[in-house]
Amino acid sequence: MEEKENVIIKLTFQFALDVIKYSEGLQENKKFVIANQLLKSGTSIGANIREAQNAESKADFIHKFKIAAKEIEETIYWLELCKFSENYPDVSQLLEQINNISRIVNKIIITSKQK
């Protein structure tokens with residue numbers, strides 16, 4: 001039996017890869033603080049969602065997704081700082097990805113609470 005593709009895992013993994021690439025560019029430009037903050041929050045989203053796949057209960061599953069939602073908000077904050085600061089590379093693609101991920105994560109949280 002073929003396993004169904006998990007869209008949110010795929011999206012958050014790709015986002016993490018893109019954040020790593022963007023952060024490396026920031027580090028090359030000596031923008032270490034933002035690079036490190038963005039790297040931490042941007043990669044932990046997928047890690048928490050991956051962890052939720054082996055949750056011990058529905059409450060644990062929802063909790064892991066809520067942590068991911070907090071990391072999403074933090075990541076949006078760092079991306080918006082980059083967007084509105086001078087001499088930072090374009091983040092519009094990353095913001096588009098994270099907003100899409102945010103919608104899906106919030107929908108999963110709401111749906112899981114209803115079941």
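See above for the structure.
For clarity, every value in this text was computed on a predicted model and none was experimentally measured.

Trainee: Whenever I open this one, the nonpolar core confuses me. Can you help?
Mentor: A general tendency of soluble globular proteins is for nonpolar side chains to be buried together. With 28 residues, the main nonpolar core has Phe15, Ile45, Ile49, Leu79, Ile98 and Val105 as its most contacted residues. Contributions of two or more residues to this core are made by helix H1 (7-28), helix H2 (32-52), helix H3 (58-84) and helix H4 (92-114). Ranked by the residues each element gives to this core, the list is headed by H3, at nine residues. Excluding residues within four positions of it along the chain, Val105 makes contact with Ile8, Ile49, Phe65, Ala69 and Ile72.

Trainee: Any chance you could explain H4 here in plain terms?
Mentor: Residues spaced three or four apart along an α-helix face the same direction, because each turn holds 3.6 residues. Over its 23 residues, H4 runs 33 Å from end to end, which matches the ideal 33 Å to within 8%, given 1.5 Å per residue. Those residues of H4 lying buried are Leu94, Leu95, Gln97, Ile98, Ile101, Ser102, Val105, Ile109 and Ser112.

Trainee: Looking at this structure, how should I read the pattern of salt bridges?
Mentor: Oppositely charged side chains can form a pair if their charged atoms are brought close together. As enumerated under the stated definition, the model contains three salt bridges in all. Taking the shortest distance from any N to any O, the salt bridge between Glu51 and Lys64 comes out at 3.6 Å. Separated by 13 residues along the polypeptide, Glu51 in helix H2 and Lys64 in helix H3 bring together distant segments of the chain. The class for Glu51 is partly exposed, based on a relative accessible area of 44%. A relative accessible area of 14% means that Lys64 is categorised as buried.

Trainee: Help me understand unusual backbone geometry in this model?
Mentor: Residues apart from glycine generally show negative phi values, whereas peptide bonds are mostly found in trans. Phi at Lys30 is positive, roughly 60 degrees, even though this residue is not glycine. Although it is not a glycine, Asn87 sits at a positive phi angle of roughly 65 degrees. Locating Asn87 in the fold gives a position in the loop between H3 and H4. The class for Asn87 is exposed, based on a relative accessible area of 66%.

Trainee: Explain the environment of Ile101 to me, please; I cannot follow it from the model alone.
Mentor: Mapped onto the secondary structure, Ile101 falls in helix H4. Ile101 gets classed as buried once you look at its relative accessible area, which sits at 1%. With 92 residues separating them in the primary sequence, Ile101 and Ile9 have C-alpha atoms 9.8 Å apart. The residues contacting Ile101, other than those within four sequence positions of it, are Ile8, Leu11, Thr12, Phe15, Ile45 and Ile72.

Trainee: I would appreciate a short explanation of H2 in the present structure.
Mentor: Over its 21 residues, H2 runs 30 Å from end to end, which matches the ideal 30 Å to within 8%, given 1.5 Å per residue. Those residues of H2 lying buried are Ile34, Ala35, Leu38, Ser41, Gly42, Ser44, Ile45, Gly46, Asn48, Ile49 and Ala52. Against the buried residues of H2 lie H1, H3 and H4.

What counts, and where the lines are drawn
Residues numbered from 1 in each chain as written. Predicted model: local features only at pLDDT ≥ 70, side-chain atom pairs only at ≥ 80, totals over all residues. Heavy atoms only, no water. Core = buried A, V, L, I, M, F, W, Y, C linked by side-chain atoms within 4.5 Å. Buried < 20%, exposed > 50% of the residue type's maximum accessible area, 1.4 Å probe, protein only. Helix = DSSP H or I, 4+ residues; strand = E, 2+ residues; numbered from the N terminus. Contact = heavy atoms within 4.5 Å. Expected span 1.5 Å × (residues − 1). Salt bridge = Lys/Arg side-chain N within 4 Å of Asp/Glu carboxyl O.

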